[in-house]
Amino acid sequence: EAYVYAARAATELGKWPELHELYAKFGKKYPNSLQRPHMDLYEAAALLMDGHAVESLPMLGAISRSDTYQDVKADALYYLGYHKMTKIQEDYKAAMQFYDESIRLYPRELSCVTAARCAIHLRNWTRAEILLERALRDFPAGKPGALKEASRLLPTVMKELAKLN
C-alpha cells in the first residue's frame, strides 16, 4: 500500500517522473498485487498529464472497462473526460458523458466540480447547479480547492438559471 499512497501523492502533486519510477519499481516487486489496478491508473494518468496521450488513452479505456475497483474505474473515466475537455480536444459533450459515468460509479468532489465546469461550457445550467450543489453538500470535508471553486461558480450558474425563468 505504501506504493499506492506514494503514487497518489505524486499524482496530486504532478510529479510525473517520480510516479513513472514508482510504477516501474512496483511492477518489478509486486507484479500480481491486488493494488495493481491503482498503480496502473496512476501510471496512465501520469502519461496523459505528461503529454503521452497515445500511450495513456488505451490504458485508461481498458481500466474503465475492466472488472476492477469502482473508484479506479471512475477515476479512469474522469481522466478520459479530462482529455476530451482539454484545449486539444474541446469535445465537451463527450467529456460530459465520461464525467457522468465517473460520478455514477464513484462520486467525488473533484469530478462533480469538473463535470460542472463542462456543463457550464455546454450551457447546461441546471446540470451545473446540481453538480456544484452536490459537491458542496456531499463532500463538506473534501478537497478545499474543489469546494472553493464550487462556491465560486455556483452564484454565476444561479444567475444564468434566473435568466431562463
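Our structure's up above, just so we're on the same page.
Worth saying up front: this structure is predicted, and the values here are computed from it rather than measured.

(A) Structural context of the packing of helix α7 (residues 109-121) against helix α9 (residues 144-164). Contact geometry of α7 with α9 gives a least axis separation of 10 Å together with a crossing angle of 30 degrees. On the basis of the axis angle, α7 is roughly parallel to α9. At the point where α7 passes α9, the crossing takes the left-handed sense. Taking contact as the criterion, the partners of Glu109, Leu110, Val113, Arg117 and Ile120 in α7 are, on α9, Ala146, Leu147, Glu149, Ala150, Leu153 and Val157. Taken together, the residues of the contact of α7 with α9 break down into eight nonpolar, no polar and three charged.

(B) Here's a closer look at the environment of Asp40. With respect to the helices, strands and loops of the structure, Asp40 is situated in helix α3 (residues 36-49). Through-space distance from the C-alpha of Asp40 to that of Ala150 is 30 Å; in sequence the pair is 110 residues apart. What Asp40 contacts, discounting residues up to four positions off in sequence, is Tyr23, Met59 and Ile63. Looking at Asp40, its side chain comes within polar contact range of the side chain of Tyr23, at 2.7 Å.

(C) Region of interest: the packing of aromatic side chains. Here the structure, examined in full by the defined rule, presents five aromatic pairs. For the pair Tyr78 and Tyr99, a centre-to-centre distance of 5.7 Å together with 50 degrees between the ring planes defines the contact as tilted. Remark: Tyr99 occurs in helix α6 (residues 92-105) and Tyr78 occurs in helix α5 (residues 70-85); sequence separation between them is 21 residues. Take Tyr78: its relative accessible area is 13%, and that puts it in the buried class. Under the relative-accessibility criterion, Tyr99 is labelled buried at 0%. Among the aromatic side chains, those forming a connected cluster through ring pairs are Tyr3, Phe26 and Tyr30.

So, how was this worked out
- Residues numbered from 1 in each chain as written.
- Predicted model: local features only at pLDDT ≥ 70, side-chain atom pairs only at ≥ 80, totals over all residues.
- Heavy atoms only, no water.
- Axes fitted to C-alpha atoms, helices over the stretch in contact; angles between N-to-C directions.
- Helix = DSSP H or I, 4+ residues; strand = E, 2+ residues; numbered from the N terminus.
- Parallel < 35°, antiparallel > 145°, perpendicular 65-115°, else oblique.
- Left-handed = near helix turned anticlockwise from the far one by under 90°.
- Contact = heavy atoms within 4.5 Å.
- Nonpolar A, V, L, I, M, F, W, Y, C, P; charged D, E, K, R; others polar.
- Polar contact = N/O pair within 3.5 Å; in protein donor to acceptor, adjacent residues only side chain to side chain.
- Phe/Tyr/Trp six-rings, centres within 6.5 Å; stacked < 30°, edge-to-face > 60°.
- Buried < 20%, exposed > 50% of the residue type's maximum accessible area, 1.4 Å probe, protein only.

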